[in-house]
Amino acid sequence: MPPLTVPRGATPSAAAGAAGAAATAAVVGGASAEPQPLTTPHRVYFAFVAGFALWVGVWGTLLPQRVAMALPWAVPPLHARVIGAMYLSGLVLMATCWRRSWVHEVAVGLRMAAVWTGMLLLASLLHLGQFDAANPRVWFWFFAYITFPLCGAWLAWRDRAALAAAAAAPSVAAPAP
């Protein structure tokens, strides 16, 4: 691959995006000059994770006394607001990923979502005795936190060449003034 030159007036982030796209194309497509586009499964994944994050985030942040409507257990208002804030930040990440066009642009967000939801599943399994199986929110919780990490891991595995290319893409420093 030829060295990357930054055209006069171009921003370093645009140049880095071009480098990532070129590296993705080189690894994924071989002779193809096109980066791997974000697919419908990616968008569905980001939309579902974002929807769940919105649901928990709104209840936790705006209605902390009633957060048990979104979670399988009640928590004090301060905890609800902290949990809600974390879920709303996840919503921002998932919405940003959903709006991207290329697989290499969502590499970090996809991995973060898979790890975050996987760790919540692990924490839930370690405290399984604290869940009431008669509560329908428990079933939704476990459905979400089994499905989200598995789907995220599957997407990352399926797109591993594009994600590896994005990780290996050369970084571009800003030109000296």
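Described below are features of the structure shown in this document. (Residues numbered from 1 in each chain as written. Predicted model: local features only at pLDDT ≥ 70, side-chain atom pairs only at ≥ 80, totals over all residues. Heavy atoms only, no water.)

Below, the discussion takes up the overall build of the chain. Each helix and strand in the chain was counted, giving six helices and zero strands. Mapped from its N terminus to its C terminus, the chain presents α and β elements in the order α-α-α-α-α-α. Residues classed as buried in the chain amount to 36% of the 177 residues present. For the chain, restricting intrachain contacts to residue pairs at least 6 apart in sequence, the fraction spanning at least 24 positions comes to 69%. For the chain, the accessible surface area stands at approximately 10300 Å², while carbon and sulfur atoms represent 72% of it. (Helix = DSSP H or I, 4+ residues; strand = E, 2+ residues; numbered from the N terminus. Buried < 20%, exposed > 50% of the residue type's maximum accessible area, 1.4 Å probe, protein only. Contact = heavy atoms within 4.5 Å. Areas by Shrake-Rupley, 256 points an atom, 1.4 Å probe, with all protein chains shown as cover.)

In this fold, Met 112 is placed in helix 4 (residues 107-126). When its relative accessible area of 45% is taken as the criterion, Met 112 is described as partly exposed. Distance from Met 112 to Met 94, taken between C-alpha atoms, is 9.8 Å for residues 18 residues apart in sequence.

A word on helix 5 (residues 136-158). The end-to-end C-alpha distance of helix 5, which contains 23 residues, comes to 33 Å, matching closely the 33 Å that a straight helix rising 1.5 Å per residue would cover. The complete set of buried residues in helix 5 reads Val 138, Trp 141, Phe 142, Ala 144, Tyr 145, Phe 148, Pro 149, Gly 152, Leu 155 and Ala 156. Of the residues flanking the start of helix 5, the one acting as N-cap is Asn 135, its side-chain oxygen 2.9 Å from the backbone nitrogen of Arg 137. (Expected span 1.5 Å × (residues − 1). Polar contact = N/O pair within 3.5 Å; in protein donor to acceptor, adjacent residues only side chain to side chain.)

Let's shift gears to the pattern of salt bridges. This structure, assessed with the given rule, holds two salt bridges. Residue Arg 100 is joined to Glu 105 by a salt bridge in which the shortest nitrogen-to-oxygen separation is 3.8 Å. Linking Arg 158 and Asp 159 is a salt bridge whose minimum nitrogen-to-oxygen distance equals 3.3 Å. Taking the relative accessible area as the measure of exposure, Arg 158 reaches 32% and is therefore partly exposed. (Salt bridge = Lys/Arg side-chain N within 4 Å of Asp/Glu carboxyl O.)

Before going further, it helps to spend a moment on the nonpolar core. Tyr 45, Phe 46, Tyr 87, Trp 141 and Tyr 145 are the most contacted members of the largest nonpolar core, which has 34 residues in total. Where this core is concerned, the elements lending two or more residues are helix 2 (40-62), helix 3 (77-99), helix 4 and helix 5. The residues touching Tyr 45, leaving out its near neighbours within four places in the chain, are Leu 110, Ala 113, Ala 114, Thr 117, Phe 148, Cys 151, Gly 152 and Leu 155. (Core = buried A, V, L, I, M, F, W, Y, C linked by side-chain atoms within 4.5 Å.)

The angle between the axes and the distance between the axes are what describe a pair of packed helices. Contact pair helix 3 / helix 4: the axes reach a minimum separation of 10 Å and the direction vectors enclose 145 degrees. Crossing angle aside, the handedness with which helix 3 passes helix 4 is left-handed. The residues of helix 4 that touch helix 3, namely those facing Met 86, Tyr 87, Leu 93, Met 94 and Cys 97, are Gly 109, Met 112, Ala 113, Trp 116 and Leu 120. Taken together, the residues of the contact of helix 3 with helix 4 sort by class into nine nonpolar, one polar and no charged. (Axes fitted to C-alpha atoms, helices over the stretch in contact; angles between N-to-C directions. Left-handed = near helix turned anticlockwise from the far one by under 90°. Nonpolar A, V, L, I, M, F, W, Y, C, P; charged D, E, K, R; others polar.)

Another aspect to go through is the environment of Val 49. Note that Val 49 resides in helix 2. Considered as a pair, Val 49 and Tyr 87 are 38 residues apart in the sequence and their alpha carbons are 9.9 Å apart.

Here we come to the packing of aromatic side chains. For the structure on display, the rule yields twelve aromatic pairs. Note on Trp 73 and Phe 131: the rings are 5.4 Å apart at their centroids and 85 degrees apart in plane angle, and the pair reads as edge-to-face. One end of the pair, Trp 73, is in the loop between helix 2 and helix 3; the other, Phe 131, is in the loop between helix 4 and helix 5, and 58 residues separate them in sequence. Under the relative-accessibility criterion, Trp 73 is labelled partly exposed at 29%. Put simply, the rings of Phe 52, Trp 73, Tyr 87, Phe 131, Phe 140, Trp 141, Phe 142, Tyr 145 and Phe 148 pair up and form one aromatic cluster. Here the basic side chain of Arg 160 rests over the ring of Trp 157, its NZ or CZ set 4.0 Å away from the ring centre. (Phe/Tyr/Trp six-rings, centres within 6.5 Å; stacked < 30°, edge-to-face > 60°. Lys NZ or Arg CZ within 6 Å of the ring centre and 35° of its normal.)

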